[in-house]
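Given next are the chains, with one letter for each unit.
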Protein chains: 2
Amino acid sequence: MSIRIGIYGYGNLGKGVELAVKQNPDTELAAVFTRRDPASVKTISGAQAVSADDVAQWKDKLDVMIICGGSATDLPVQTPMLAEMFNVIDSFDTHANIPQHYAKVDEAAKKGGNTAVISVGWDPGMFSVQRLYSNVILNNGADYTFWGKGVSQGHSDAIRRVKGVKDAKQYTVPVESAMEAARSGNNPELTTRQKHTRECFVVPEEGADLAQIESDIKNMPNYFSDYDTTVHFITEDELKKNHSGLPHGGFVIRTGTTGAENEHKHVIEYSLKLDSNPEFTACVLVAFARAAARLNKEGSTGCKTIFDIAPAYLSAQSGEELRAHML
Amino acid sequence: MSIRIGIYGYGNLGKGVELAVKQNPDTELAAVFTRRDPASVKTISGAQAVSADDVAQWKDKLDVMIICGGSATDLPVQTPMLAEMFNVIDSFDTHANIPQHYAKVDEAAKKGGNTAVISVGWDPGMFSVQRLYSNVILNNGADYTFWGKGVSQGHSDAIRRVKGVKDAKQYTVPVESAMEAARSGNNPELTTRQKHTRECFVVPEEGADLAQIESDIKNMPNYFSDYDTTVHFITEDELKKNHSGLPHGGFVIRTGTTGAENEHKHVIEYSLKLDSNPEFTACVLVAFARAAARLNKEGSTGCKTIFDIAPAYLSAQSGEELRAHML
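Sequence positions are assigned chain by chain, starting from 1 and proceeding in written order. In the order they appear in the text, chains get letters beginning with A and ligands get numbers beginning with 1. This being a predicted model, a pLDDT of at least 70 is required before a residue's local features are given, and a value of 80 or more before pairs of side-chain atoms are given or counted; all residues contribute to the totals for chains, interfaces and linings. Remark: hydrogens and water are excluded; side-chain values derive from all non-hydrogen atoms of the structure.

**Student:** What is the right way to read the packing of aromatic side chains from this model?
**Tutor:** Pairs of aromatic rings are described using the distance from one ring centre to the other and the angle between the two planes. Whether two aromatic rings pair depends on their centres lying within 6.5 Å, for rings of Phe, Tyr and Trp, where Trp uses its six-membered ring; planes under 30 degrees apart make the pair stacked, over 60 edge-to-face, and the rest tilted. Here the structure, examined in full by the defined rule, presents 11 aromatic pairs over all chains. Taking the centre distance of 6.0 Å and the plane angle of 80 degrees together, the rings of A:Phe127 and A:Tyr270 count as edge-to-face. With A:Phe127 in helix H4 (residues 126–137) and A:Tyr270 in strand S13 (residues 264–274), the pair connects residues that are 143 residues apart, well separated along the chain. Like A:Tyr270, A:Phe127 is buried. Our definition puts a charge over a ring when NZ of Lys or CZ of Arg is within 6 Å of the ring centre and also within 35 degrees of the ring normal. Here A:Lys61 stacks its cationic end above the ring of A:Trp58, 5.1 Å away from the centre of that ring. Lying across the ring of B:Tyr102, A:Arg323 places its NZ or CZ 3.5 Å from the centre. Only DSSP runs of H or I with at least four residues qualify as helices, and only runs of E with at least two residues qualify as strands; both kinds are numbered from the N terminus onward. Per-residue accessibility, obtained with a 1.4 Å probe over protein chains only, is compared with the maximum for each type, and a residue is labelled buried under 20%, exposed over 50%, and partly exposed between these values.

Structure representation (structure tokens):
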């Protein structure tokens, strides 16, 4: 019997989940839940769209709900609310607030007898588990995470809020020389500015003050002021033609030493190169939905993260098959 | 209370475990078990050496035994035997025989109420878990594993058995163009010969027939005949000076596509660059020893692999700490 998946929130990520479910024959899409008028939502696969208001009626019709809202305001409310009714997966990515999100979701999931997995995706997610594995192996070492080259939606949104900006895309670019320094095993201390640059493609409104826009972007605290930032002004057509995708990726590097005199260096490196950030993230979400459904069947309830789930739970293959063909 | 580790077999890997235990403050080395005369064994740390014949007397004095024998003849006997007495870790790496090794160890470990983890290291081990994670995420894709540049002990041993050879080291070298083809996402079919070359440094015996040695190596079935092999004759001094280390490494690459028309490509790549293969492997073994001790305390017995162990069990940090700092 296939795993019945619900998608809560039908933006880029929700659509990615819909496509990922199609690629995984042991899963099926039961319904898409939307805050919009469901009659106005046409799904890619023809799956039915349902009003988010009616979600409680689906309590026994889904095995896992994959929540595809944003981390700023959606998930802190949606995940605890839905974890009382369903096994849930989210991609909560505000690193600093994970402990409090975990606590709330854990309480709700336990109350409902459900299994929740939070912060699933690639960072947090696959990058986190790589950091964990490489840290436990190379106990004496240093960690480096680089992001990009890819589109940061948060930074693109921040630029769009600048006066005189009509539209924008921001690329986070890792600095090659900093990556080489990290891989050297010399444990360099790298500043924020040394690790990444930010490249902005901005469509100005007609008659806008370009110098002012550039200055407003470059001096924006948290988002840009700590980075070497480049601003390119382009037309709306150019933005559509050359910058409509959502590529991303990154690198997790750990170096460390072993030996009686720390004479042996080791480098562990994990990297992703993604044409579509939301579609890749969606694939991770679906694999963890499989794990959540299984763990719940075994009676394991409450909130979990990628750290708490044995990899075998993610695969549709049996332990025997995995040992014979993948170990 | 720290985790009391025993080391069974004191070669390169056993010595690596001894050094790894020193790097992990929550573990301590209780004893080294050897088939040699214990009086003749001087450990790096000063830990006591004990005759392998007396191992049963240590039943309640160890939390985990790390078995450092070879896969060909040692581990198939040692791991089931020791799993009845102790929680055990081994690095059994004969991929084809893993299912039968698993079955034997599982039976013994369950009989003794112990937890065993087999095939721990980097391949099988970290490479296996990377294959699993990347397969469940990119369901529609292709896998590539490359090894090297590094010393293959099995191939070096094979050369040493050739008539007229005094000593030898063999390096497995991944072919850069094949790696680039794999990363392209075009799912190329790569033959054994296309993926790796083999480079041999051979010290001949005095008066040996060099042309015959070269031919014997290059035509050796399984080991060399399917590869482009280069043979360099060198002196014993050169071998000692330039080829005494045991570096290794490799790459696990998975590419796959997503999207309604499979229009988006993704590349996941994991790589290791190791100055000392046995010392790195030993670090992996110690992390899994921690996990085995914990799992056994929770009442989970029998045989496991890296696929069956939630990553959090590998870390000395609590779940709360991991969520706050590593997720």
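**Student:** What should I look at first to understand the nonpolar core in this one?
**Tutor:** Grouped burial of nonpolar side chains is what soluble globular proteins tend to show. Within this scheme, the nonpolar core is defined by two criteria: the residues are buried Ala, Val, Leu, Ile, Met, Phe, Trp, Tyr or Cys, and they are joined through side-chain atoms within 4.5 Å. Judged by nonpolar contacts, the single largest core of 160 residues is most densely connected at A:Met65, A:Ile89, B:Met65 and B:Ile89. Contacts are residue-level and defined by heavy atoms, with any inter-residue pair within 4.5 Å sufficient. Setting aside chain neighbours within four positions, we find A:Met65 in contact with A:Gly6, A:Ile7, A:Tyr8, A:Phe33, A:Val55, A:Leu82, A:Phe86, A:Asn87, A:Val88 and A:Ile89.

**Student:** Where do I start with the interface of chain B and chain A in this structure?
**Tutor:** For an interface, size is often stated in terms of accessible area lost upon the parts coming together. Listed as interface residues are 64 residues of chain B and, on the opposing side, 64 residues of chain A. Of the roughly 5600 Å² buried at the junction of chain B and chain A (both faces included), carbon and sulfur atoms supply 64%. By salt bridge we mean one thing: a side-chain nitrogen of Lys or Arg within 4 Å of a carboxyl oxygen of Asp or Glu. In this assembly, chain B and chain A are joined by 0 salt bridges. The term polar contact refers here to a pair of N or O atoms within 3.5 Å; inside protein, the definition further demands a hydrogen-donor-capable atom paired with an acceptor-capable atom, and it admits residues adjacent in sequence only when both atoms are side-chain atoms. Joining chain B to chain A, the criterion identifies 29 residue pairs in polar contact (both at pLDDT 80 or more). Elements represented by at least two residues in the side of chain B that touches chain A include exactly helix H1 (12–23), helix H3 (98–112), helix H4 (126–137), strand S12 (248–258), strand S13 (264–274), helix H10 (277–297) and helix H11 (319–325) of chain B. Among the elements that line the side of chain B that touches chain A, the one with the most residues is S13(B), at 11 residues. Paired strands are those between which DSSP finds at least two bridges. Bridging between S13(A) and S13(B) involves 9 bridges; their strand directions are antiparallel. By the bridge assignment for S13(B), A:Val267 is matched with B:Lys273. Note: buried area is the sum, over both parts, of the accessible area (probe 1.4 Å) each one loses when the two are combined.

**Student:** Teacher, can you tell me more about the relation of the copies chain B and chain A here?
**Tutor:** The relation between the two copies of this chain is a rotation about an axis and a shift parallel to it. Superposition of the copies used a least-squares fit over C-alpha atoms from residues whose pLDDT is at least 70 in both. Between chain B and chain A, the superposition needs a rotation of 180 degrees and an axial shift of 0.0 Å, giving an RMSD of 0.0 Å. The superposition operator between the copies reduces to a two-fold rotation axis. Among all C-alpha atoms of chain B, that of B:Ala310 lies closest to the rotation axis, at 1.9 Å. Most of the interface of chain B is mirrored in chain A: 100% of its interface residues are interface residues there too.

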